[in-house]
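What follows is the residue order along each chain.
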Amino acid sequence: PGAMLRKELGEHLVSLGMVGAALELFEEIELWDSLIVCLTLLGKKQAAADTIRRRLEVDPTDPKLWCALGDALDLEEHFQKALEVSDGKNARAMRSLARRAALREDWTKAAEHWSAAMKINPLFPDGWFSAGYALLKADREDEALSAFVRCTQIDAENGQAWNNVAALNIRRGKFAAAHVALQEAVKQVATSWQTWENLAMVAAKIGRFQQSARALVKVMDLTGGAKLHVATLSTLVERCKEARSGGSGSAPDWLRKESDAEAAEAEDTRAKLAVLGGIADIEIEGDESDDEVWEGVGGAVLSGGGDAGDMADDFLDAFISDDDAGDGAGDDADAAAEAAKAANADDVRSEVLSREVVRLEAAVDEVLKTALGSSGGERSVKDTADLWALSADLKEARGEFLVANEARLKRIRALETSGWRKDAEAFAEYADASLDMCRGRLRACADAVEDAEVADAKRQLAQARMHMNGVVKASVAGMFDEAMGEVHAELVACMEEVTKAEEGA
């Protein structure tokens, strides 16, 4: 008992950082393994090695001592000896060899050693993660995926492992599996904007656009608007435009499918919670009420069982005569009621789907406002211009033509610093922005009805004409009219169309 108490005291001293005092205590009770650990912690590697050698003279077949000697002297040959005396069954020696192979970036050896170590001792979550990484670096992706999956099975809170499972499934084109992994990853690493961005991309791939939009909003919150995957946002804007163009009579297929998928997911979650918490729920209900629940009366209400419903049907049948049962008027009334009920259900569903579109638009709008209102961080000129273009498309889809035209103008201003007068690629981007701006103003002019609207549209057309005139001249000066003949011709044609519209306004 005294030795056990001293051992426990020594372990407490080590946890408090009093390694020297613990060292003396372990030496008194001849607890050699703990003594070697203390010597290693104090940096007295040679003293630790001498102690280990003395112990090996007593028991040369102890693989733990050979591993400790390898740690003290940093020599792989002692780990190999530990494997030799254990007939290749010492997991610690395998892990040590794997780590040293990884340090020198010998990923083939590291993968072999980690795989062997995990076969010996599979209940080691950090080992599965390291094995997965080594296997991935060794181009053994199938085995790497299996290793990361095992890691998540043992330690479900390892967000990096979930992320790696998702990444490997994305490489394989299995976006549904990647989506499941990323949903778990963001629960564990909720402050990682990269993980949220991956979720946004994958959710958009499988048609979960609402979730994609929410994930992008989270990315904006975590980065202050500095980071944004523009391609994913572009997909969401296209879905908003599609929903608007479909009219109020019908919802697009993707929206119905997403609504059904979210409903099924919510139902699945409720079912799991019911299974896990059913007993607790029953106890809570019992505490709240002292009323007895009789099977056949209250049981049907609370648990879906009992015969109360059947009894009510029996009583109802007793009041229905043969004449009533044969009357077709009752059947017609029932059919009409069912039709009205179905129509009402369709109306409710359409209303719900319309609200979903509004929610999606609000989330996309929030992302655009945050991104365009921030400093931009490392965002390129082209990405900034693309964001203004997406903002213009969203505003026009919602009928906000004036705001859309302002966004298109800001897109042009963003491209002013791109060197478009000399660089062909930059000029093509600037020309596209100019064409988009002019066509937007042409559409706004066509929709103008009131005198004030017509006057404002005419003024904007005049500005567009002068702008296009400048772009055409720059095209000639930079000799883009020869190198990019189609683009130049399109610019000229658009300028003429604007001029005609201005004269006819």
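As a starting point, this report considers the structure included with it. Since this is a predicted model, take the numbers as computed values, not measurements.

Moving on to the overall build of the chain. Per the secondary structure count, the chain includes 26 helices and 0 strands. Across the 505 residues that make up the chain, the buried fraction comes to 37%. If you take every contact in the chain between residues at least 6 apart in sequence, the share linking residues at least 24 apart comes to 52%.

Let us now look at the packing of aromatic side chains. In this structure the tally under the stated criterion is 5 aromatic pairs. Centre to centre, the rings of Trp107 and Tyr133 are 5.5 Å apart; their planes meet at 80 degrees, and the pair counts as edge-to-face. Placement of Trp107 in helix H8 (residues 107-120) and of Tyr133 in helix H9 (residues 125-137) is noted, with a sequence separation of 26 residues between them. Ring centres of Trp420 and Phe427 lie 6.2 Å apart, and the angle between their planes is 25 degrees; this geometry places the pair in the stacked category. For the pair formed by Trp420 and Phe427, the shared burial category is buried.

The next thing to look at is the pattern of salt bridges. Enumeration according to the criterion identifies 31 salt bridges in this entry. The salt bridge partner of Lys382 is Asp386, with a shortest N-O separation of 3.0 Å. Of the two residues, Lys382 and Asp386 are both situated in helix H21 (residues 381-397); the distance of 4 residues between them amounts to about one turn of the helix. According to the relative accessible area criterion, Asp386 is buried, its value standing at 17%. Note that Arg408 and Glu396 form a salt bridge whose closest N and O atoms lie 2.5 Å from each other. Of the two residues, Arg408 is situated in helix H22 (residues 401-414) and Glu396 in helix H21; the sequence distance between them amounts to 12 residues.

This part covers helix H7 (residues 91-103). End to end, H7 covers 18 Å across 13 residues, agreeing with the expected 18 Å (1.5 Å per residue, within 8%). Regarding H7, the residues found buried are Ala91, Ala93, Met94, Arg95, Ser96, Leu97, Ala98, Arg100 and Ala101. Turning to H7, the residues buried within the fold contact helix H5 (63-73), helix H6 (76-85) and H8. The opening residue of H7 is Asn90, an N-cap whose side-chain oxygen sits 3.3 Å from the backbone nitrogen of Arg92. Immediately downstream of H7, the backbone of Glu105 shows phi near 60 degrees, a positive value.

Next up on the list: the side chain of His78. One can find His78 in helix H6. Using a relative accessible area of 9% as the deciding quantity, one classes His78 as buried. Apart from residues no more than four positions distant in its own chain, His78 is found in contact with Trp66, Leu69, Gly70 and Leu73.

The description of two helices packed together rests on the angle between their axes and the distance between the axes. Look at helix H23 (residues 424-447) against helix H26 (residues 485-504): their axes get within 10 Å of each other, and the N-to-C directions meet at 20 degrees. Taken together, the axis directions place H23 and H26 in an arrangement best described as roughly parallel. The way H23 lies across H26 gives a crossing that is left-handed. Along its contact with H23, which presents Phe427, Ala431, Leu435, Cys438, Arg439 and Leu442, the element H26 presents Val487, Glu490, Leu491, Cys494, Glu497, Val498 and Ala501. For the contact of H23 with H26, the per-class residue count stands at 10 nonpolar, no polar and 3 charged.

Remark: helix H4 (residues 45-58) packs on H5, axes separated minimally by 9 Å, with the N-to-C direction vectors making an angle of 160 degrees. Judged by the inter-axis angle, H4 sits roughly antiparallel to H5. The hand of the H4/H5 crossing is left-handed. Contacts between H4 and H5 involve Lys45, Gln46, Ala48, Ala49, Ile52, Arg53, Arg55 and Leu56 from the former and Leu65, Trp66, Ala68, Leu69, Ala72 and Leu73 from the latter. In terms of residue class, the contact of H4 with H5 is built from 10 nonpolar, 1 polar and 3 charged.

What follows is about the side chain of Glu396. A residue is classified by how much of its surface remains accessible, and Glu396, at 17% relative accessible area, is buried. At 2.5 Å, the side chain of Glu396 forms a polar contact with the side chain of Arg408. When neighbours within four sequence positions are excluded, Glu396 is seen to be in contact with Phe401, Ala404, Arg408 and Arg443.

Core analysis: the biggest nonpolar cluster contains 53 residues, and Leu216, Leu228, Leu233, Val364, Val367, Leu368 and Leu387 have the highest contact counts within it. Beyond its immediate chain neighbours, meaning those up to four positions away, Leu228 contacts Glu197, Leu216, Met220, Leu233, Val367, Ala371, Arg379 and Leu387. Listed in part, the 32 residues of the second largest apolar core include Tyr430, Cys438, Ala464 and Val471.

With 13 residues, helix H11 (residues 159-171) should cover 18 Å at 1.5 Å per step; its first-to-last C-alpha distance of 19 Å lies within 8% of that length. Those residues of H11 not exposed but buried are Gly159, Ala161, Trp162, Asn163, Asn164, Val165, Ala166, Leu168 and Asn169. Those residues of H11 that are buried are in contact with H9, helix H10 (141-154), helix H12 (175-188) and helix H13 (193-205). The opening residue of H11 is Asn158, an N-cap whose side-chain oxygen sits 3.3 Å from the backbone nitrogen of Gln160. Directly beyond the C-terminal end of H11, a positive phi value near 80 degrees is found at Gly173.

Attention now goes to the environment of Gly207. The topology assignment puts Gly207 in the loop between H13 and helix H14 (209-223). On the basis of relative accessible area, Gly207 is assigned to the buried category, the value being 19%. A C-alpha to C-alpha distance of 9.9 Å links Gly207 and Arg239, two positions 32 residues apart in sequence.

Each value, and the rule that gives it
Residues numbered from 1 in each chain as written. Predicted model: local features only at pLDDT ≥ 70, side-chain atom pairs only at ≥ 80, totals over all residues. Heavy atoms only, no water. Helix = DSSP H or I, 4+ residues; strand = E, 2+ residues; numbered from the N terminus. Buried < 20%, exposed > 50% of the residue type's maximum accessible area, 1.4 Å probe, protein only. Contact = heavy atoms within 4.5 Å. Phe/Tyr/Trp six-rings, centres within 6.5 Å; stacked < 30°, edge-to-face > 60°. Salt bridge = Lys/Arg side-chain N within 4 Å of Asp/Glu carboxyl O. Expected span 1.5 Å × (residues − 1). Polar contact = N/O pair within 3.5 Å; in protein donor to acceptor, adjacent residues only side chain to side chain. Axes fitted to C-alpha atoms, helices over the stretch in contact; angles between N-to-C directions. Parallel < 35°, antiparallel > 145°, perpendicular 65-115°, else oblique. Left-handed = near helix turned anticlockwise from the far one by under 90°. Nonpolar A, V, L, I, M, F, W, Y, C, P; charged D, E, K, R; others polar. Core = buried A, V, L, I, M, F, W, Y, C linked by side-chain atoms within 4.5 Å.

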